[in-house]
Amino acid sequence: MQKIDVLIQEADKNLTICNACRYCEGFCPVFPAMERRQHFEAADINYLANLCHNCSECYYACQYAPPHEFGVNIPQSLAKIRKASYQHYAWPGPFARLFNNNGLVTSLALGLGASFILLLFLALNGGLGQLFSGHHGGDFYAFFPHNTLVLAFGSVFLFAMLALLMGFLNFWRDSGEKIRDLGHLSAWRQAWSDALSLRHLHGQEDRGCTYPDDNHSHWRRYFHHFTAYGFMLCFAATATGTLFHYVLGWSAPYGFFSLPKLLGTLGGLGLLIGPAGLLYLKRKRDPNTADLEQTGMDIAFIALLWLTAFTGLLLMVLRETGLLGLMLVIHLGFVMSLFLTLPYGKFVHGLYRLGALLKNALEQRREEQGVALVSQPRESGVKFYQSIKNNK
């Protein structure tokens with residue numbers, strides 16, 4: 001049996017037992033969504049896995065968790081499914097295998113490779129000699145023409161956006177929803193509210209989630225906020241700079257108190273704090289609730305975000321020095337690597353989780369309207385597990 005089939009069967013067993021017990025039904029949206037179903041197809045399990053925020057509270061509360069013979073471990077089981085879903089929905093699919101293993105090595109190699117290509121471009125255009133020159137006036141375009149940077153990074157960014165969109169549509173079609181359901185505005189409002197507030201990491205009675213261990217804490221949510229909003233601020237800085245250049249006719253370099261520079265600085269600081277905090281928590285996490293095979297992918301994304309922010313801030317500090325050219329090459333290399341890995345690394349968890357939150361919002365509305373999911377009855381969870389044992 002293929003590995004994915006084993007993972008699906010394990011998750012099916014765990015979810016079916018949970019559906020019979022229902023002790024954790026108020027913990028997070030996974031359990032109400034699970035209880036709307038009487039059996040679980042692979043697409044249902046992929047959906048529930050991406051709806052799970054891995055707060056791990058259910059593991060510590062479960063009476064059937066290891067060392068019980070049933071071995072119910074929802075956080076770990078869904079984490080494994082979640083990782084498999086990233087590769088399953090990725091577009092083009094073969095690209096995802098590059099980051100399935102050794103994600104950190106692949107990401108760093110891409111960054112260094114992109115930096116080498118930029119150095120080669122400078123050498124071929126006679127600009128390598130001015131790399132350490134202080135005669136640039138803080139202008140990036142003294143090293144690389146504006147149109148060259150726009151063509152190179154714009155094309156890679158547009159490809160990444162297309163790949164992300166195709167992956168999301170693959171996930172959405174597999175979830176059983178229609179494309180027209182993407183136009184449900186009130187469901188979108190709920191999904192975005194849940195995603196941007198990370199409401200499902202607040203835990204029971206707003207105590208925070210049980211991560212990295214069985215003690216409740218809000219730190220994981222705080223560090224996620226630093227990371228997510230830092231990323232969005234950096235994107236806003238780039239978008240604002242584009243608007244300044246093409247609409248208002250204001251060319252870089254911009255002053256420190258300009259909008260692109262302020263947004264980029266705040267975003268960069270967020271991406272220093274958030275990923276560093278998440279890495280610290282990840283190193284302390286309970287291995288019983290984690291998919292350890294996903295560690296490389298997680299650390300690769302965290303490292304790329306942190307290195308992109310660090311080199312970007314360092315670039316700003318060294319802008320008027322002879323090190324500007326070298327720092328620009330290094331920073332742009334990490335930016336290129338980040339763009340290339342977005343559709344195939346840990347970044348996609350936010351995209352599929354948003355899709356899962358949207359599907360959950362749609363299901364909640366249908367439930368309020370009395371529209372039930374079509375599902376075949378299944379024997380109770382305990383009996384189901386006993387039948388699996390007897391058929392081995």
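Everything below is about the structure printed above this text.
Residues numbered from 1 in each chain as written. Predicted model: local features only at pLDDT ≥ 70, side-chain atom pairs only at ≥ 80, totals over all residues. Heavy atoms only, no water.

Engineer: Got a sec to walk through empty space enclosed by the protein? Specific residues and values, please.
Structural biologist: Here the idea is plain: a probe the size of a water molecule rolls over the atoms and shows the empty space left. This structure, assessed with the given rule, holds three cavities of 30 Å³ or more. In this model, the second largest cavity occupies a volume close to 60 Å³. Looking at the second largest cavity, the residues that line it are Cys 28, Val 30, Phe 31, Cys 52, His 53, Asn 54, Cys 55, Ser 56, Cys 58, Ile 74 and Pro 75. Among the elements of the structure, α2 (30-35) and α5 (74-89) are those that each provide at least two residues to the lining of the second largest cavity. When its residues are assigned to classes, the lining of the second largest cavity shows eight nonpolar, three polar and no charged. (1 Å grid on protein atoms, 1.4 Å probe; cavity = no way out; pocket = protein on both sides within 12 Å on 5 of 7 lines; lining within 4 Å. Points joined across faces, edges and corners; volume = space filled by probe spheres on them. Helix = DSSP H or I, 4+ residues; strand = E, 2+ residues; numbered from the N terminus. Nonpolar A, V, L, I, M, F, W, Y, C, P; charged D, E, K, R; others polar.)

Engineer: Help me get a handle on the pattern of salt bridges, residues and values and all.
Structural biologist: Overall, the coordinates contain 13 salt bridges when judged by the stated rule. Where Arg 36 meets Glu 367, a salt bridge forms, and the shortest distance between an N and an O atom there is 3.5 Å. With Arg 36 in the loop between α2 and α3 (42-51) and Glu 367 in helix α14 (residues 348-368), this pair connects stretches of sequence that are 331 residues apart. Of the residues examined, Arg 36 reaches a relative accessible area of 13% and is grouped as buried. Between Arg 366 and Asp 181 there is a salt bridge, with its nearest N and O atoms 3.5 Å apart. Of the two residues, Arg 366 is situated in helix α14 and Asp 181 in the loop between α8 (146-174) and α9 (185-197); the sequence distance between them amounts to 185 residues. Residue class for Arg 366 comes out partly exposed when judged on its relative accessible area of 25%. (Salt bridge = Lys/Arg side-chain N within 4 Å of Asp/Glu carboxyl O. Buried < 20%, exposed > 50% of the residue type's maximum accessible area, 1.4 Å probe, protein only.)

Engineer: Residues and numbers for the packing of helix α1 (residues 3-21) against α3, please.
Structural biologist: When two helices pack together, their arrangement is given by the angle between their axes and by how far apart the axes lie. Look at α1 against α3: their axes get within 10 Å of each other, and the N-to-C directions meet at 75°. Compared by their axis directions, α1 and α3 come out roughly perpendicular. Residues Ile 8, Ala 11, Asp 12 and Leu 15 of α1 pack against Ala 42, Ile 45 and Leu 48 of α3. Per-class residue counts for the contact of α1 with α3 are six nonpolar, no polar and one charged. (Axes fitted to C-alpha atoms, helices over the stretch in contact; angles between N-to-C directions. Parallel < 35°, antiparallel > 145°, perpendicular 65-115°, else oblique. Contact = heavy atoms within 4.5 Å.)

Engineer: Before we move on, could you go through the side chain of Ser 337 and cite the residues and values that matter?
Structural biologist: Relative to the elements of secondary structure, Ser 337 occurs in helix α13 (residues 324-341). Ser 337 gets classed as buried once you look at its relative accessible area, which sits at 0%. Once you skip the residues sitting within four places of it in the chain, Ser 337 turns out to touch Ser 107, Leu 110, Gly 111 and Leu 304.

Engineer: Pulling in residues and values, what's your account of the nonpolar core?
Structural biologist: Core analysis: the biggest nonpolar cluster contains 75 residues, and Phe 31, Phe 144 and Leu 358 have the highest contact counts within it. In terms of residue count, the dominant contributor to this core is α13 (10 residues). Ignoring any residue separated from it by four or fewer positions in sequence, one finds Phe 144 in contact with Leu 118, Phe 121, Leu 122, Leu 149, Leu 328, Val 329 and Leu 332. Residues Leu 198, Cys 209, Phe 223 and Leu 278 belong to the second largest nonpolar core, which totals nine residues. (Core = buried A, V, L, I, M, F, W, Y, C linked by side-chain atoms within 4.5 Å.)

Engineer: Got a sec to walk through the packing of aromatic side chains? Specific residues and values, please.
Structural biologist: This structure, assessed with the given rule, holds 19 aromatic pairs. Relative to Phe 144, the ring of Phe 121 lies with its centre 5.9 Å away and its plane at 35°, an arrangement referred to as tilted. Here Phe 144 lies in the loop between α7 (103-124) and α8 and Phe 121 lies in helix α7, a separation of 23 residues in the sequence. By relative accessible area, Phe 121 is classed as partly exposed at 26%. Judged by relative accessible area, Phe 144 falls into the buried class, the value being 1%. For the pair Trp 219 and Tyr 222, a centre-to-centre distance of 5.5 Å together with 90° between the ring planes defines the contact as edge-to-face. Of the two residues, Trp 219 and Tyr 222 both sit in helix α10 (residues 219-246), three residues apart, roughly one turn of that helix. Three or more aromatic residues link up through ring pairs in this structure, and these residues are Tyr 86, Tyr 89, Phe 171 and Tyr 352. In this structure, Arg 319 is placed above the aromatic ring of Phe 140, and the distance from its NZ or CZ to the ring centre is 4.2 Å. The ring of Tyr 47 carries Lys 359 above its face, with NZ or CZ at 5.2 Å from the centroid. (Phe/Tyr/Trp six-rings, centres within 6.5 Å; stacked < 30°, edge-to-face > 60°. Lys NZ or Arg CZ within 6 Å of the ring centre and 35° of its normal.)

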